[in-house]
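Geometric and topological summary
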Amino acid sequence: MLFLQTPSAPIDSFASYREREPDVDKCIATYVWIDGTGQNLRQKSRVLDFKPKTPEECPDWNFDGSSTNQSSGRNSDCWLKPCAIFRDPFRRDPNILVLCEVYLHDWSPDTFNHRHSCKKAMDIPIVKEAKPWFGIEQEYTLVDYTGFPLGWPQGGFPGPQGPYYCGVGYTKVNGRQVVEIEWEFQVGPCEGIEMGDHLWMARFILHQVSEDQGIVVSLDPKPIPGDWNGAGCHTNYSTLPMRQENGIKHIEVAIEKLSTRHDVHIQAYDPSGGEDNKRRLTGLHETARIDEFSSGVANRGASVRIPRHCSSEKKGYLEDRRPASNCDPYVVTEIIVRTTLLNEK
């Protein structure tokens, strides 16, 4: 349970959601989609006389794409095609959240509808047979409305990083409360296209909660220049052969394939073609250099890491540490399967 600490008493930030009484005879469906930035989310809701059980049961809808940088004013309506549904943690059952793909007026995919291409890749028989699992670690930074880290002294900086992580003692804990404005949650394991669906909806829920608390969530990979950690989306990946006995050999083969397309992956791992990650992947702060590929066991300074327990058990998964915190998970998961399973060069 999330509590926000005030000088007087902790506040249960989810109490207002639990107190809401849903209308059991209707279903409020909140449609969520990625806008023309490729990073921000939009939403609008409609009332249905039934609760859809699948995305296909949700009606298609439309929106003004000229207001989201996805079309011109002269032909502004874009289509919303439901692709995944989730229980609504805010309005509660029977209400739902509906993740949507965006299509233009002629039903061609929007520029940032990367789910369309990702789904095609995940549906290729060789990919489906491999049962690719993903688990993504979404790092983010809490800032105020000016973009300054939440809790930091205005016009200054807290003490240097180092003693705060898992620290003990007043001087460590007090500092940790200030310095640790970077947070993380993990989603997965999810198979195939579900990874992108679940992470985008998790981001939506995160932004909704922070909105209610007057806090801004930044997915900038390097929100504070200098000697401070950046934020990534470390992507854990495995296939069925990797998870089986002696799967380590399949992990090593996949890493070798990833090494041959390092530059292509870097371009795909943030929405600016690698420019955002240039500020983060410096070889410092538990990152690898952006201009060279590296791998290793338990090495958090490598491009791709094999966790210690996977090396010991000789099976499991690999961790690609290069994706930025603002990456599109559809793009990331698609290029990983195209490189490691479809052998694209």
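What comes next is a walk through the structure.

In terms of helices and strands, the protein chain carries 11 helices and 14 strands. Of all 345 residues assigned to the protein chain, the portion counted as buried reaches 47%. In the protein chain, once contacts between residues fewer than 6 apart in sequence are set aside, the share between residues at least 24 apart is 64%. Summed over all atoms, the accessible surface of the protein chain reaches about 17,200 Å², with 52% contributed by carbon and sulfur.

All right, on to the nonpolar core then. Counting residues in hydrophobic clusters, the biggest one holds 52 residues, and the most contacted among them are L99, Y237, L318 and V337. The greatest single-element share of this core, amounting to 7 residues, is contributed by helix α5 (residues 194-212). Once you skip the residues sitting within four places of it in the chain, L318 turns out to touch T235, N236, Y237, M242, I251, A254, I255, L258, V304 and R305.

Let us look at empty space enclosed by the protein. Within this structure, the stated rule accounts for 1 cavity of 30 Å³ or more. Its volume calculated, the largest cavity comes out at about 90 Å³. For the largest cavity, the full set of lining residues is I34, L99, C100, E101, V102, D110, F112, N113, H114, R115 and Y330. The set of elements that each furnish at least two residues to the lining of the largest cavity consists of β7 (96-103) and α2 (114-122). Considering every element that reaches the lining of the largest cavity, the biggest residue donor is β7, with 4 residues. Considered class by class, the residues forming the lining of the largest cavity number 6 nonpolar, 2 polar and 3 charged.

Let us now look at the environment of W33. Within the secondary structure, W33 is located in strand β3 (residues 27-34). Sequence spacing of W33 and E101 is 68 residues, and the spatial spacing of their C-alpha atoms is 6.5 Å. Excluding residues within four positions of it along the chain, W33 makes contact with N40, L41, R42, Q43, K44, F63, T68, Q70, L80, C100 and V102.

Of all 11 residues in strand β8 (residues 133-143), 10 are buried, a share of seventy percent or more. Across 6 bridges, the pairing between β8 and strand β11 (residues 233-238) is antiparallel. Within the sheet, the bridge partner assigned to Q138 lies in β11 and is C233. Alignment of β8 against strand β9 (residues 182-191), held across 8 bridges, turns out to be antiparallel. Among the inter-strand pairings, T141 is bridged to a residue of β9, identified as E182.

Another point: the packing of aromatic side chains. Scanning all chains against the criterion turns up 6 aromatic pairs. On the basis of an interplanar angle of 80° and a centroid distance of 5.0 Å, the ring pair of Y31 and W61 is categorised as edge-to-face. Residue Y31 is located in strand β3, and its partner W61 is located in strand β5 (residues 61-64); the two are separated by 30 residues in the primary sequence. Chaining the aromatic ring pairs together yields one cluster made of W79, Y103 and W107. Taking the ring centre of W200 as reference, the NZ or CZ of R203 above it sits at 4.8 Å. Seen from the ring of W133, R243 lies directly overhead, with NZ or CZ sitting 3.6 Å from the centre.

What follows deals with the packing of α2 against helix α11 (residues 329-340). Contact pair α2 / α11: the axes reach a minimum separation of 9 Å and the direction vectors enclose 30°. Considering their axes alone, α2 and α11 lie roughly parallel with respect to each other. The hand of the α2/α11 crossing is left-handed. Contact residues: α2 offers H114, R115, S117, C118, A121 and M122, while α11 offers Y330, V331, T333, E334, V337 and R338.

Moving on to unusual backbone geometry. The omega torsion across D93 and P94 is 10°, close enough to zero to call that bond cis. In this fold, P94 is placed in the loop between β6 (77-87) and β7. At H285, a position not held by glycine, the phi torsion is positive, near 55°. Its place among the elements puts H285 in the loop between α9 (275-278) and β12 (295-297). If you check the backbone angles, A298 has positive phi at about 60° while not being a glycine. Mapped onto the fold, A298 is located in the loop between β12 and β13 (304-306).

For helix α7 (residues 248-259), which comprises 12 residues, the first-to-last C-alpha distance of 17 Å matches the rise-based estimate of 16 Å (1.5 Å per residue) to within 8%. For α7, the full list of buried residues reads I248, I251, A254, I255 and L258. Buried residues of α7, seen end-on, are gathered within an arc of 115° and therefore sit on one face of the element.

For the rest of this paragraph, the subject is the sheet that holds β6. Read from one edge of the open sheet, 5 strands run β4-β3-β7-β6-β5, paired in mixed fashion. One side of each edge strand has no neighbouring strand; the edge strands of this open sheet are β4 (41-48) and β5. Within the sheet, the average angular offset between the axes of one strand and its neighbour, ignoring direction, is 40°. Direction of pairing for β3 relative to β7: parallel, over a ladder of 4 bridges. By the bridge assignment for β7, A29 is matched with I96.

Scoring rules and cut-offs
Residues numbered from 1 in each chain as written. Predicted model: local features only at pLDDT ≥ 70, side-chain atom pairs only at ≥ 80, totals over all residues. Heavy atoms only, no water. Helix = DSSP H or I, 4+ residues; strand = E, 2+ residues; numbered from the N terminus. Buried < 20%, exposed > 50% of the residue type's maximum accessible area, 1.4 Å probe, protein only. Contact = heavy atoms within 4.5 Å. Areas by Shrake-Rupley, 256 points an atom, 1.4 Å probe, with all protein chains shown as cover. Core = buried A, V, L, I, M, F, W, Y, C linked by side-chain atoms within 4.5 Å. 1 Å grid on protein atoms, 1.4 Å probe; cavity = no way out; pocket = protein on both sides within 12 Å on 5 of 7 lines; lining within 4 Å. Points joined across faces, edges and corners; volume = space filled by probe spheres on them. Nonpolar A, V, L, I, M, F, W, Y, C, P; charged D, E, K, R; others polar. Pairing = 2+ DSSP bridges. Phe/Tyr/Trp six-rings, centres within 6.5 Å; stacked < 30°, edge-to-face > 60°. Lys NZ or Arg CZ within 6 Å of the ring centre and 35° of its normal. Axes fitted to C-alpha atoms, helices over the stretch in contact; angles between N-to-C directions. Parallel < 35°, antiparallel > 145°, perpendicular 65-115°, else oblique. Left-handed = near helix turned anticlockwise from the far one by under 90°. Expected span 1.5 Å × (residues − 1). Arc of directions from axis to C-beta.

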